[in-house]
2 protein chains.
Amino acid sequence: MKTKKIYLNEGEMPTHYYNIMADMPNKPLPPLHPVTQQPLGPEDLAPLFPMELIKQEVSTERYIEIPEAVQELYRIYRPTPLIRATALEKALGTPAKIYYKYEGVSPTGSHKPNTAIPQAYYNKMEGVTKLTTETGAGQWGCALSFACQHFGIDLQVYMVKLSYQQKPYRKVLMNTFGAEVIASPSNLTDSGRQILGQTPDSPGSLGIAISEAVEVAMKNENIKYSLGSVLNHVLMHQTIIGQEALKQLEMTGDFPDMVIAPFGGGSNFAGIAFPFLHLNLTQGKKVECIAVEPTSCPKLTKGKFRYDYGDTVGMVPLLPMYTLGHDFVPPSIHAGGLRYHGAGVIVSQLLKDGLISARSVKQSECFAAGMLFAQTEGILPAPEANHAIATVIAEAKKAKETGEAKTILFNLCGHGHFDLHAYEQYLGGNLVDHELTDAEIEYALESLEKSIQMK
Amino acid sequence: MKTKKIYLNEGEMPTHYYNIMADMPNKPLPPLHPVTQQPLGPEDLAPLFPMELIKQEVSTERYIEIPEAVQELYRIYRPTPLIRATALEKALGTPAKIYYKYEGVSPTGSHKPNTAIPQAYYNKMEGVTKLTTETGAGQWGCALSFACQHFGIDLQVYMVKLSYQQKPYRKVLMNTFGAEVIASPSNLTDSGRQILGQTPDSPGSLGIAISEAVEVAMKNENIKYSLGSVLNHVLMHQTIIGQEALKQLEMTGDFPDMVIAPFGGGSNFAGIAFPFLHLNLTQGKKVECIAVEPTSCPKLTKGKFRYDYGDTVGMVPLLPMYTLGHDFVPPSIHAGGLRYHGAGVIVSQLLKDGLISARSVKQSECFAAGMLFAQTEGILPAPEANHAIATVIAEAKKAKETGEAKTILFNLCGHGHFDLHAYEQYLGGNLVDHELTDAEIEYALESLEKSIQMK
């Protein structure tokens, strides 16, 4: 019998993370010291991260084993279901087969615990007692709160002020898991005070929040820092999503023509796409992997590939990436998790090499897609996830025109139970679209050129 | 391998509802006409319900088949997982085995779609184009909105004013599924105007909201009414929960010593407990079935068994039940789904006959239990579910003292993603307990005696 939901047993959960570095034809350029611009060594990262994560960051081993304590905590919600979007297909009248991997079943409702759990674990193993981090929409902050609470680590979260105001209940959820939550930019750090000095009413951004969280870790020997996306080890932890999806699709007899995911810093996309890119790179498969970003923050489709800071203030290493500039503050959209100026290093290199593609979607189109998805499939998606859904719907309509029975897989990275304020605005006709003009992008990129002169 | 989560295949989903009426040693007394006090016939209920549901309401058949269209929509989220609360057990250091059936995976996050879907379906089959209903915490309203949207039926929801104010996002979710939502008591009905005339700042209650919704259906030939608990057919639809749990427990080799569920009108409790009571009644098993209500609305533990109206204004039939009186307005607690003055007819009869038991728990104890559950198991429970969890924890601690390895099953009827305002109050130390005094209960019951004189 063909079923709507495809489950794996807990015993079929992946036992290793997949590291795409092993298979990339062109390895990424190295991160550089923010001041000297010299390639970084592990010792440069040691004030921020435990050694095991630094090793993973630079590893070229294809598979890295998942510790048993991490697997045990994963089993609270993993393996996650793969679901055939039969009701959506029917509503669209498309011959396309649409599957989604549903990560919203995790404790905090998104894919973020997949990396929060190992990050908290490795820190714990090396004796770390306190972490700092940033959060945009709050999904990462909630995930790390849950993981830190489990492993007995204190956590301080710098939450982008816009989201802090839009999503008060995300803060309560972090408090429930014992974390301290601070609206960013704050007066607690030099970085925050610098931003507030320039822009007292700043809505904040992920770049600013990272500066604050990193600063606290740099200045306190006993505190380390944790990042929810962008970095290689973070992307790698998420590959359990795609590995599970691959096994689950095998059970259906289908294989995807395309894999689609929202794009913020890269962990969402990498998580579902990298295990399929592995097949492209090693077995000659041709799965089209599409990263979808908001038109308000189009670094992949309109940004520039060059070295830039991962944070606004310029405290963290220079990374080779597609970027709109570290001091670009994206317009205030509801998909807070996608309001980041740059793209992860690995994903940037893959895009540069033409191995993946990217698109951008307007906010209103995203919410229209999310509404249709909720009304058919019954799950109210997170605004970030709506970027993937809008693209899936466009592809399914294209398949209807051409009559091609394409198989599409996408990452439903989380539910929208904490985003009803955004849906309320959409229903009330009060949602504003932000499409950056060419002039705005040109200005941002020129400003970036001026601010970082490479030696 | 023993797993934490026990799944059934979609093919193993129950195909029939279980009707405990077939097995009850004493059948319930009949419902009576609210004015004549004569036993009701099907024709008396026809203005409110489609004939198929009226038949189910009075049926004594043991099993009633679930229509294929209903099963198809169930497959969006069913079968739901049974989960072993290993992390909670560890935190408590108890020898007890704790299992929970997790109904929060449904489209609207609670067990309510289990009956919303068949109710919408049977109405659709009989040509009904519009329904009215009441909702407390909003879980029932959301579930019926989803089901009506699927089957193309318009819906008007009277939402208890207290919840309407406390949980604005529940309203948005209903709007997302196309429903119209009205704060009750409202000025749209005679019932609402009557209450507002007496108590202009009334926080509302389920009893009042029922009066309003029923009035609209009574006065409009094309509109029928739908109820989310209390009635026999509603309780019966929920028995798919316990039937699934029974199969899943068989897979583990365990059998419950006790089954615990929150109690509002009875559907939550009936859903998980009735299939086990079936074994008690027909196979000599001795599963202890415990219904848990708030101390602020203790109809099972301190109410009186007698005929009373199901609504505040006295428009619906007189039902033989444990009640605090139809005009009793429960204190404003966060478990809005449990703020109902009476208990379903079948459950009342079972309690009277000593076949089940009941307890009450204070609000603060419930939230403390919910916090511990979230921190260990990773799921933030609905305030209603916390009543079951508090009782489970008390039993697990008792098992620790006695050393008995009891097996406990409970219904985790929903998540608390829309209840973070309540958790915020708890975390801030601002949650107030409401325990009714004996004098308050005596007054309520005397008032009931005066208001309904049985002929």
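As shown above, the structure is provided for reference.
Summary of the structure given here. A quick note: this is a predicted structure, and the numbers were derived from the prediction, not measured. (Residues numbered from 1 in each chain as written. Chains lettered and ligands numbered in written order. Predicted model: local features only at pLDDT ≥ 70, side-chain atom pairs only at ≥ 80, totals over all residues. Heavy atoms only, no water.)

**Points about the side chain of Lys5 of chain B**
For clarity, the threshold we go by: Only DSSP runs of H or I reaching four residues or more are called helices, and only runs of E reaching two or more are called strands; each is numbered from the N terminus. Any residue under 20% of the maximum accessible area for its type is buried, any over 50% is exposed, and the rest in between are partly exposed; the area is computed with a 1.4 Å probe on protein chains only.
With respect to the helices and strands, the residue Lys5 of chain B is situated in strand β1 (residues 5-6). On the accessibility criterion, Lys5 of chain B (5% relative accessible area) is buried.

**Focus: the interface of chain B and chain A**
Here is the rule: Any pair of residues with heavy atoms lying within 4.5 Å of one another is described as a contacting pair. Here's the idea: put two parts together, see how much 1.4 Å probe accessible area each one loses, and the total over both is what we call buried area. One speaks of a salt bridge when a side-chain nitrogen belonging to Lys or Arg is within 4 Å of a carboxyl oxygen belonging to Asp or Glu. In the analysis that follows, any N or O atom pair within 3.5 Å is treated as a polar contact, provided that within protein one partner can donate a hydrogen and the other can accept it, and provided that, for residues neighboring in sequence, both atoms belong to side chains. Here the nonpolar group is Ala, Val, Leu, Ile, Met, Phe, Trp, Tyr, Cys and Pro; Asp, Glu, Lys and Arg are the charged ones; every other residue, Gly included, is treated as polar.
Taken together, the 36 residues of chain B in the interface contact 36 residues of chain A. Note on chain B versus chain A: buried area summed over both sides is about 3500 Å², and carbon and sulfur give 62% of it. Three residues, Tyr169, Thr176 and Leu420 of chain B, lead the burial of chain B against chain A; their summed loss comes to 17% of the area buried on that side. The tally of links between chain B and chain A comes to 2 salt bridges. Applying the counting criterion to the chain B and chain A interface returns 13 residue pairs in polar contact (both at pLDDT 80 or more). Listed by contribution, the elements that provide at least two residues to the side of chain B that touches chain A are α6 (139-151), α8 (168-176), α16 (363-377) and α18 (420-427) of chain B. Residues belonging to the side of chain B that touches chain A are distributed by class as follows: 18 nonpolar, 11 polar and 7 charged.

**Quick word on the sheet that holds strand β8 (residues 180-184) of chain B**
All names here are of chain B. Stated formally: A pair of strands is labelled paired if DSSP reports no fewer than 2 bridges between them. To get an axis, a line is fitted to the C-alpha atoms, and for a helix only the part in contact is used. The angle between two axes follows their N-to-C directions and goes from 0 to 180 degrees.
Pairing is parallel in the open sheet, where 4 strands are placed in the order β8-β7-β6-β9. What marks the edges here is a single partner per strand, and that holds for β8 and β9 (223-225). Within this sheet the neighbouring strands show an average axis-to-axis angle of 25°, counted without direction. Sheet strands in contact with α6 are β6 (130-135) and β7 (154-160), and its direction is about 160° off that of β6.

**Points about the environment of Leu318 of chain B**
Residues and elements named next belong to chain B. Along the chain, Leu318 falls in strand β13 (residues 318-323). Taking C-alpha positions, Leu318 is 6.3 Å from His33, a pair spaced 285 residues apart along the chain. Leu318 has contacts with Pro31, Leu32, His33, Pro34, Gln37, Tyr307, Asp308, Tyr309 and Ile452, leaving out every residue within four places of it along the chain.

**Here's the deal with the packing of helix α12 (residues 240-252) of chain A against helix α13 (residues 267-283) of chain A**
Residues and elements named next belong to chain A. To keep things clear, this is the line we draw: Take the far helix as your reference; a near helix turned counterclockwise from it by less than a right angle gives a left-handed crossing, and one turned clockwise gives a right-handed crossing.
One can describe the packing of α12 onto α13 by two numbers: an axis separation of 6 Å at closest approach and a directional angle of 65°. Considering the relative orientation of α12 and α13, their crossing is right-handed. Residues Ile241, Gly242, Gln243, Ala245, Leu246 and Leu249 of α12 lie in contact with α13, whose contacting residues are Gly271, Ile272, Pro275, Phe276 and Leu279. Taken together, the residues of the contact of α12 with α13 sort by class into 8 nonpolar, 3 polar and no charged.

**Considerations on the pattern of salt bridges**
Applying the stated criterion across every chain yields a total of 41 salt bridges over all chains. Across the pair Lys302 of chain B and Asp438 of chain B runs a salt bridge, and its minimum N-O distance is 4.0 Å. Of this pair, Lys302 of chain B sits in helix α14 (residues 299-302) while Asp438 of chain B sits in helix α19 (residues 438-451), and the two are 136 residues apart along the sequence. Exposure remark for Lys302 of chain B: the relative accessible area of 36% places this residue in the partly exposed category. Residue Asp438 of chain B is classed as exposed on the basis of its relative accessible area of 56%. Look at the salt bridges and you will find they share partners, linking Arg78, Lys101, Glu103 and Glu244 of chain A into a network.

**Thoughts on helix α13 (residues 267-283) of chain B**
Residue and element names in this part refer to chain B. Our working rule: By definition here, a helix of n residues has an expected span of 1.5 Å times n minus one. Bending is quantified residue by residue as the angle between axes fitted to the seven-residue window ending at that residue and the seven-residue window starting at it.
Between the first and last C-alpha of α13 there are 24 Å, a value that for 17 residues agrees with the 24 Å anticipated at 1.5 Å per step. At Ala273, α13 shows its maximal bend, which comes to roughly 45°, and the proline Pro275 appears one to four places after that position. Counting buried positions over the 17 residues of α13 gives 14, a clear majority of the element. Looking one or two places after α13, you find Gly284, whose phi comes out positive at around 70°.

**Some words on helix α5 (residues 113-125) of chain B**
Residues and elements named next belong to chain B. The first and last C-alpha atoms of α5 sit 18 Å apart over 13 residues, in line with the 18 Å expected at 1.5 Å per residue. Among the 13 residues that make up α5, 11 are buried, leaving the element largely enclosed by the rest of the structure. Inspection of α5 places Pro113, Asn114, Thr115, Ala116, Ile117, Pro118, Gln119, Ala120, Tyr121, Tyr122 and Asn123 among the buried residues, and these make up the whole buried set. At the exit of α5 stands Gly127, carrying a positive phi of roughly 85°.

**As for the packing of aromatic side chains**
The line we're drawing: For Phe, Tyr and Trp, rings pair up if their centres lie within 6.5 Å, where Trp contributes its six-membered ring, and each pair is then called stacked (planes under 30 degrees apart), edge-to-face (over 60) or tilted (otherwise). Note on geometry: a ring has a charge over it if NZ (lysine) or CZ (arginine) is within 6 Å of the ring centre and within 35 degrees of the ring normal.
Within the structure shown, the criterion is met by 30 aromatic pairs over all chains. Between Phe146 of chain B and Phe177 of chain B, the aromatic rings sit 5.4 Å apart at their centres with planes inclined by 75°, giving edge-to-face as the arrangement. Highlighted residues: Phe146 of chain B in helix α6 and Phe177 of chain B in the loop between α8 and β8, separated in sequence by 31 residues. Across this residue pair, the class does not change: Phe146 of chain B and Phe177 of chain B are buried. Members of the aromatic cluster, each reached through a chain of ring pairs, are Tyr100, Phe373 and Phe410 of chain A. Across from the ring centre of Tyr99 of chain A, 5.5 Å away, lies the NZ or CZ of Arg84 of chain A, which sits over that ring.

**Things to note about the relation of the copies chain B and chain A**
For clarity, the cut-off: The copies are overlaid by a least-squares fit using only the C-alpha atoms of residues whose pLDDT is at least 70 in both copies.
Mapping chain B onto chain A calls for a screw motion: a turn of 180° about the axis and a shift of 0.0 Å along it, with 0.0 Å RMSD after fitting. The two molecules are tied by a two-fold rotation axis, judged by turn and shift. Across chain B, the rotation axis passes nearest the C-alpha of His417 of chain B, at a separation of 3.1 Å.

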